[in-house]
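# Structural description and commentary
As a plain string of letters, each chain reads:
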Amino acid sequence: SFTATRSSRDGQSEPGVVAPIANEGLFFDALNRELCRARRDEGSFAVLSVDQQSVGQPDTSLRRVCELLDAELRAYADIAQVGDKVLALVPGLGDSQYVPLLQRLSARAKASDCGEIRIGLARFPQDAVCAKDLIDVADRKRLVRGVSQESIEGPIHVHGQQMLS
């Protein structure tokens, strides 16, 4: 199954919906629009890749991760469950805001019934400049334990080449 939460830039969030995997395209449409905007305006944004360390039902666990991200990022993010992870598109944050964001998400997960989560973050244009590579970098950084500047800035290799960091 696929869960998507679409949040508008004005802070009004549409309720999450469970829909066929074909709706995965909504997230990638938003990501591609953000890529175009960031290139045009010389802006930046981030892609988060999140999963949960759980022995429970994977669908239920990831749904809780989606709810957690929606509660924290509701005003400005697009969030989608894609396979065994949750992706979030986070526009407009400065470099100094990423570590506090990841720390808040981690603390919120521990305080909720969500449990421990792993988070990876890829920044445009610092880490990658196309959608697939941004997601690959975020996925690889998700495998780094703990939330630190290293989980944001560490050197990452995608398709055999070191990406910018």
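The model shown is predicted, which means the values in this text are computed figures rather than measured ones.

Criteria and thresholds
In every chain, residue numbers begin from 1 and rise along the written sequence. The predicted nature of this model means local features are confined to residues of pLDDT at least 70 and side-chain atom pairs, given and counted, to a pLDDT of 80 or more, with totals for whole chains, interfaces and linings taken over all residues. Based on all heavy atoms of the structure, the side-chain values leave hydrogens and waters out of the count. Counting from the N terminus, the helices are DSSP H or I runs at least four residues long and the strands are E runs at least two residues long. Note on contacts: a residue pair is in contact if any heavy atoms of the two residues lie within 4.5 Å. A 1.4 Å probe and the Shrake-Rupley method give the accessible areas. Residues count as covered only by the protein chains that appear here. The rule is simple: take the accessible area with a 1.4 Å probe, protein chains only, and divide by the maximum for that residue type; under 20% is buried, over 50% is exposed, in between is partly exposed. Any pair of N or O atoms that falls within 3.5 Å is considered a polar contact. Within protein, one atom must be able to donate a hydrogen and the other to accept it, and sequence-neighbouring residues count only if both atoms are side-chain atoms. In this description, a nonpolar core means a group of buried Ala, Val, Leu, Ile, Met, Phe, Trp, Tyr and Cys residues linked to one another through side-chain atoms lying within 4.5 Å. Whether two aromatic rings pair depends on their centres lying within 6.5 Å, for rings of Phe, Tyr and Trp, where Trp uses its six-membered ring; planes under 30 degrees apart make the pair stacked, over 60 edge-to-face, and the rest tilted. Each residue after the first adds 1.5 Å to the expected span of a helix. Salt bridges are identified by distance alone: a Lys or Arg side-chain nitrogen within 4 Å of an Asp or Glu carboxyl oxygen. Looking at any residue, its pLDDT shows the predictor's confidence there, from 0 to 100.

## Describing the overall build of the chain
Along its length, the chain carries five helices and eight strands. Traced from its N-terminal end to its C-terminal end, the chain shows the element sequence β-β-α-β-α-β-β-α-β-α-α-β-β. When contacts within the chain are restricted to residue pairs at least 6 apart in sequence, long-range pairs at least 24 apart make up 62% of them. By element, 52% of the accessible surface of the chain is carried by carbon and sulfur atoms, the whole surface being about 8,000 Å².

## Focus: the side chain of D51
For D51, the position within the fold is in strand β3 (residues 45-52). Taking the relative accessible area as the measure of exposure, D51 reaches 7% and is therefore buried. At 2.8 Å, the side chain of D51 forms a polar contact with the side chain of R142.

## Description of the nonpolar core
Ranked by internal contacts, the top residues of the largest apolar core, which has 24 residues, are L48, V50, L69, L73, V86, V90 and I117. Elements that contribute at least two residues to this core include exactly β3, α2 (58-73), β5 (85-91), α3 (95-111) and β6 (117-124). Sequence-distant contacts of I117, that is, excluding residues within four places in its chain, are made with V50, D51, Q52, V65, L68, L105, S106 and A109. In terms of nonpolar packing, the next biggest core, distinct from the first, is built from 19 residues, F27, L31, A38 and A138 among them.

## A few points about the packing of aromatic side chains
In this structure the tally under the stated criterion is two aromatic pairs. Residues F27 and F28 carry aromatic rings whose centres are separated by 5.6 Å and whose planes lie at 90° to one another, so their mutual orientation is edge-to-face. Judged by its relative accessible area of 24%, F28 falls in the partly exposed class. With a centroid separation of 5.3 Å and 15° between ring planes, the pair formed by F45 and F124 is classed as stacked. Here the residue F45 occupies a position in strand β3, and F124 occupies one in strand β6, the gap between them amounting to 79 residues. As far as the burial class goes, F45 and F124 line up, both buried.

## A word on helix α4 (residues 131-142)
A rise of 1.5 Å per residue sets the reference length of α4, with its twelve residues, at 16 Å; its end C-alpha atoms lie 17 Å apart and thus fit the reference within 8%. The element α4 is largely enclosed, with a buried count of ten among its twelve residues. A131, D133, L134, I135, D136, V137, A138, D139, K141 and R142 are the residues of α4 that are buried.

## Regarding the pattern of salt bridges
Counting across every chain of the model gives 13 salt bridges. With its nearest N and O atoms 2.4 Å apart, the salt bridge here joins R37 to E34. Taken together, the residues span about one helical turn, with R37 and E34 both in helix α1 (residues 24-41) at a distance of three residues. R37 gets classed as partly exposed once you look at its relative accessible area, which sits at 25%. The shortest N-O distance in the salt bridge between R37 and D41 comes to 3.7 Å. Taken together, the residues span about one helical turn, with R37 and D41 both in helix α1 at a distance of four residues. Connected through shared salt-bridge partners, D51, K85, R118, D139 and R142 make up one network.

## What about the confidence of the model for the chain?
Per-residue pLDDT for the chain averages 74, and the proportion of residues at 70 or more is 68%. The least confident element of the chain is strand β2 (residues 17-19), whose mean pLDDT is 34; the most confident is α4, at 93. In this model residues 1-22 is a low-confidence stretch, pLDDT under 50, and it forms 57 contacts with partners more than four residues away in sequence or in other chains. The low-confidence segment residues 154-165, where pLDDT is below 50, has 34 contacts with residues more than four positions distant or belonging to other chains.

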